[in-house]
Amino acid sequence: MVIALFVTVMQVQGTLARVAAEGAPRPLTDFGNLGLALLVVSGLVLTVRRRWPVPVFVIAALASLVYYGLDFPDGPGWLALFVALYTLAAYGDGRRSLVIAGAGTAALAIGWLFAAADIEPRAAIGWVFFRIGVSIMSAALGESVRSRRVIAAEAQERAELAERTREEEARARVDAERLRIAREVHDTVAHAIAIINVQSGVTAHVLDKRPDRAREALQAIEQTSSRALREMRTILGVLRDDNDGRVPHPGLEQIDELTAKAREAGLDITLESTAPATPLPSAVDSAAYRILQESITNVICHVGPTRVTVALNPGTDVLEIRVTDEGRRTGDASADRPSGNGTDTSAKAGRGILGMRERCQLLGGELDAEPTPGGGFQVTARLPLAPTGSLR
């Protein structure tokens, strides 16, 4: 509104001052003050230039063509037109606005030159070329401002997109870490609870008949629960900043302890292991241990005392793990011992095998789990020694 009033006053006052100083072939008051009306209308229409840039430019251009076509006195009556051209280019919709500005400027140039065909003195035609040049400059300046605004908006959008991407990646890392912790907690707790369940059943069964055997079972429960608590502190230690009380991350170097606990739970385990030529990657080592732990836990929970064969075959590029059990025994002398089945509800729902398969897939490996012809079950995992992912 302020600019519109300023331009209107400048156009009217400037033209009147020039007329007073130099005279004019046609007064502004001719045709019922048409010259003054054109100067006022072209100036005041700038009030809505940003809302309707195209109509404002059209009105200003028509007013200019009529004004100079009727040979009204020259002066700063072109100010409104230049502001309208700038606004059209700066606040328009890009290419379409430039086409309108270009076509309008061309029409104005033709109209101005035609009206000035018989101008005297001839040197005064320089003002016509001045109006044409400034019109082009106004449109170019507006397009430059619009382009910078678009570039800044795109840069801001890219920055916001990058920020959202970083936030999504951070959430994905948090979710992955939560999933890793959930797997570790499941493996640790399920294995410990399975062994404690078996040993507590043994204790209840032999407490009166064989106190020494009950004492051994209680000691096994104590050791298993203590080990589970240490592993839980290690797993959940990532949520703290201090390193106090942590133990090494589980790996295949602890397989002897794992099989010893399984034997205490009633499994007859045979371990067939070949030393790897080179140390295993930490992610493969940890995943292999957890797969073995989950497989043995499932046997304890769902089969009970039976023969189990654990085979570790490290190759040049793949570590193969195979856990095979012979199935539930019938008519065994120790059949009166509790089997321990029915405690791991997550395994019943298939979460145990699913978790092992997810561990393999994270490293680019594969896992097969299927019954054997003799009534047992076999889990086979193949882990690349150059994993494509990581559990950490």
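Report follows, based on the coordinates. (Residues numbered from 1 in each chain as written. Predicted model: local features only at pLDDT ≥ 70, side-chain atom pairs only at ≥ 80, totals over all residues. Heavy atoms only, no water.)

### Comments concerning the overall build of the protein chain
Check the secondary structure of the protein chain and you find eleven helices and five strands. Counted over contacts in the protein chain with a minimum sequence separation of 6, partners at least 24 positions apart contribute 74%. (Helix = DSSP H or I, 4+ residues; strand = E, 2+ residues; numbered from the N terminus. Contact = heavy atoms within 4.5 Å.)

### Re the nonpolar core
Formed by 37 residues in total, the largest nonpolar core has its most connected members in Leu 252, Leu 267, Leu 292, Ile 300, Leu 319, Ile 321 and Leu 383. Counting only elements with at least two residues in this core, the list comes to α6 (126-206), α8 (255-264), α9 (282-302), β2 (307-314), β3 (318-325), α11 (351-362) and β5 (377-384). The element best represented in this core is α9, accounting for eleven residues. If near-sequence neighbours (up to four positions away) are discounted, Leu 383 is found in contact with Val 284, Ala 287, Ala 288, Ile 291, Asp 317, Val 318, Leu 319, Ile 321, Cys 360 and Leu 363. Counting residues in hydrophobic clusters, the runner-up holds 33 residues, among them Tyr 68, Ala 84, Leu 88 and Ala 116. (Core = buried A, V, L, I, M, F, W, Y, C linked by side-chain atoms within 4.5 Å. Buried < 20%, exposed > 50% of the residue type's maximum accessible area, 1.4 Å probe, protein only.)

### Quick look at the sheet that holds β2
In spatial order, the strands read β1-β2-β3-β5-β4; together these five strands make up an open sheet with mixed pairing. What marks the edges here is a single partner per strand, and that holds for β1 (268-273) and β4 (366-371). The mean inter-strand angle of the sheet, taken between neighbouring strand axes irrespective of direction, is 10°. Here β4 pairs with β5 via six bridges, running antiparallel. Looking at the pairing, Glu 366 lines up with Arg 382 of β5. Sheet contacts for α8: β1 and β2; angle to β1, the most-contacted strand, approximately 160°. (Pairing = 2+ DSSP bridges. Axes fitted to C-alpha atoms, helices over the stretch in contact; angles between N-to-C directions.)

### A few points about the pattern of salt bridges
Enumeration over the complete set of coordinates arrives at nine salt bridges. Ionic pairing is found between Arg 96 and Asp 93, a salt bridge with its closest N-O pair at 3.4 Å. We classify Asp 93 as partly exposed; its relative accessible area is 48%. The closest approach of N and O atoms between Arg 322 and Glu 320, which form a salt bridge, is 3.2 Å. (Salt bridge = Lys/Arg side-chain N within 4 Å of Asp/Glu carboxyl O.)

### Considering the pairing of β1
Across six bridges, β1 lies against β2 in parallel orientation. From the neighbouring strand, Leu 271 faces β2, where its bridge partner is Val 310. In terms of handedness, the path from β1 via α9 over to β2 forms a crossover that is left-handed. (Right-handed = clockwise from strand over helix to strand, strands pointing away.)

### What about α9?
The periodicity of an α-helix, 3.6 residues per turn, causes residues three or four positions apart to be oriented the same way. End to end, α9 covers 30 Å across 21 residues, agreeing with the expected 30 Å (1.5 Å per residue, within 8%). For α9, the tally of buried residues reaches 19 of 21 residues, placing the bulk of the element in the interior. Immediately downstream of α9, the backbone of Gly 304 shows phi near 90°, a positive value. (Expected span 1.5 Å × (residues − 1).)

### With respect to unusual backbone geometry
Positive phi values are uncommon outside glycine, yet Asp 71 reaches one of about 65°. For Asp 71, a relative accessible area of 40% puts it in the partly exposed group.

What is shown is where atoms sit, not what they do.
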